[in-house]
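So you can see what is in the structure, the chains are spelled out below.
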Amino acid sequence: MGNSLKAILAFVPSNKCQKYLLEDLEEMPVDKMVDLSGRQMRWLPGHICSFRELVKLYLSDNKLNHLPPELEQLQNLQILALDFNNFKALPLVVCTLKQLCILYLGNNKLCSLPLELRLLQNLKTLWIESNCLQYLPEVVCELSLLKTLHAGSNALRALPPQLQCLQELRTIWLSGNLLSEFPPVLLDMPFLEVIDVDRNSIRFFPSLAHLPGLKLVIYDHNPCRNAPKVAKGVRRVGRWSEETPEPRKRSGAVIEITPDEKPLLPPAAKTEPE
């Protein structure tokens, strides 16, 4: 069925048309996963919420701007994908799904996140990239098990100091924001493994050599005049990344440090925890 026909049927609320859009999805799938991505849906059919054993629900690339209260019945849900929709606010019913581990909210129209998000204490991965966030909501700093935060392509100018409370955080993606300086709070997070500040407005990088957990820093496309200093073995992507800021000297001679293999760029596709 072509996308044009789906788009037309999405406006028709009859059960017959909606069933056509869902391709007769009437029973709980054996794999406990429902993927309704790219169906041009404007609302989630209520009977999906009766699949109480559902673990994964993908609603990406639709035209959703709200969710039914019945979604609260999906208390076993661990992965929820709401990216590429029309949400201007996160439906509060999402915050009742306390088993969620991964939440995709990218490419919507979110300007903030509700305080109720703090109820998702099992959340380990949060995607909020490509929204309208001018600041990182402090409620994110209350997600104590968060390991990966994707907050690129917003309008962030700074990060809250409370972020250092996230001692499980290992990866933070901040590319495509409005950062004019390297966020000071990241200097107090020795457990970070990946820092991505690509495509910002950072003119100077402080030393990151004191961060023992750091494995990769991406700082390309900034108007910086220096490369961040890193410990031996840490990979860098950016200007001068294949040079050492301070060549090692021995007996009056300059010994070049062999550059690490160029690291992989951030993942473009969704990933699930191991």
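For the structure, check the block above.
Residues numbered from 1 in each chain as written. Predicted model: local features only at pLDDT ≥ 70, side-chain atom pairs only at ≥ 80, totals over all residues. Heavy atoms only, no water.

**A look at unusual backbone geometry**
For step 1, the next point in the chain: Even without being a glycine, Asp61 presents a positive backbone phi close to 60 degrees.
For step 2, the next point in the chain: Positionally, Asp61 belongs in the loop between strand 2 (56–58) and strand 3 (79–81).
For step 3, the next point in the chain: For Asp61, a relative accessible area of 46% gives the class partly exposed.
For step 4, the next point in the chain: Positioned with a positive phi, His221 is a non-glycine residue whose angle comes to about 60 degrees. (Helix = DSSP H or I, 4+ residues; strand = E, 2+ residues; numbered from the N terminus. Buried < 20%, exposed > 50% of the residue type's maximum accessible area, 1.4 Å probe, protein only.)

**A short note on the environment of Glu193**
For step 1, the next point in the chain: By the secondary structure assignment, Glu193 is in the loop between strand 7 (171–173) and strand 8 (194–196).
For step 2, the next point in the chain: Take Glu193: its relative accessible area is 26%, and that puts it in the partly exposed class.
For step 3, the next point in the chain: Separated by 22 residues in sequence, Glu193 and Thr171 place their C-alpha atoms 5.9 Å apart.
For step 4, the next point in the chain: When neighbours within four sequence positions are excluded, Glu193 is seen to be in contact with Arg170, Gly213, Leu214, Lys215 and Leu216. (Contact = heavy atoms within 4.5 Å.)

**A look at the sheet that holds strand 5 (residues 125–127)**
For step 1, the next point in the chain: Strands sit in the order 1-2-3-4-5-6-7-8-9-10 across an open sheet of 10 strands; the sheet is parallel. Edge positions in the sheet fall to strand 1 (33–35) and strand 10 (235–237), since each has one partner strand and no second. Strand-to-strand twist of the sheet, defined as the mean angle between neighbouring strand axes without regard to direction, takes the value 5 degrees.
For step 2, the next point in the chain: Bridge count for strand 6 (residues 148–150) against strand 7 is three bridges, and the pairing is parallel. Of the residues in strand 7, the one forming a bridge with His150 is Trp173. (Pairing = 2+ DSSP bridges. Axes fitted to C-alpha atoms, helices over the stretch in contact; angles between N-to-C directions.)

**Looking at the packing of aromatic side chains**
For step 1, the next point in the chain: Counted according to the given criterion, the structure contains three aromatic pairs.
For step 2, the next point in the chain: A ring pair is formed by Tyr104 and Trp127, whose centres lie 5.4 Å apart and whose planes are at 50 degrees; its orientation type is tilted. Of this pair, Tyr104 sits in strand 4 (residues 102–104) while Trp127 sits in strand 5, and the two are 23 residues apart along the sequence.
For step 3, the next point in the chain: Taking the centre distance of 5.4 Å and the plane angle of 70 degrees together, the rings of Phe205 and Tyr219 count as edge-to-face. Placement of Phe205 in the loop between strand 8 and strand 9 (216–218) and of Tyr219 in the loop between strand 9 and strand 10 is noted, with a sequence separation of 14 residues between them. Side by side, Phe205 and Tyr219 carry an identical accessibility label, which is buried. (Phe/Tyr/Trp six-rings, centres within 6.5 Å; stacked < 30°, edge-to-face > 60°.)

**Observations regarding the environment of Gly152**
For step 1, the next point in the chain: If you trace the backbone, Gly152 turns up in the loop between strand 6 and strand 7.
For step 2, the next point in the chain: In this structure the C-alpha to C-alpha distance between Gly152 and Trp173, which are 21 residues apart in sequence, comes to 5.8 Å.
For step 3, the next point in the chain: Each residue touching Gly152, except ones within four places of it in the same chain, is listed here: Glu129, Ser130, Trp173, Leu174, Ser175 and Asn177.

**Regarding the pattern of salt bridges**
For step 1, the next point in the chain: Counting across every chain of the model gives three salt bridges.
For step 2, the next point in the chain: In this structure, the salt-bridge partner of Arg118 is Glu142, at a minimum N-O distance of 2.8 Å. With Arg118 in the loop between strand 4 and strand 5 and Glu142 in the loop between strand 5 and strand 6, this pair connects stretches of sequence that are 24 residues apart.
For step 3, the next point in the chain: The shortest N-O distance in the salt bridge between Asp198 and Arg199 comes to 3.8 Å.
For step 4, the next point in the chain: Given the relative accessible area of 14%, Asp198 is considered buried.
For step 5, the next point in the chain: Judged by relative accessible area, Arg199 falls into the partly exposed class, the value being 42%. (Salt bridge = Lys/Arg side-chain N within 4 Å of Asp/Glu carboxyl O.)

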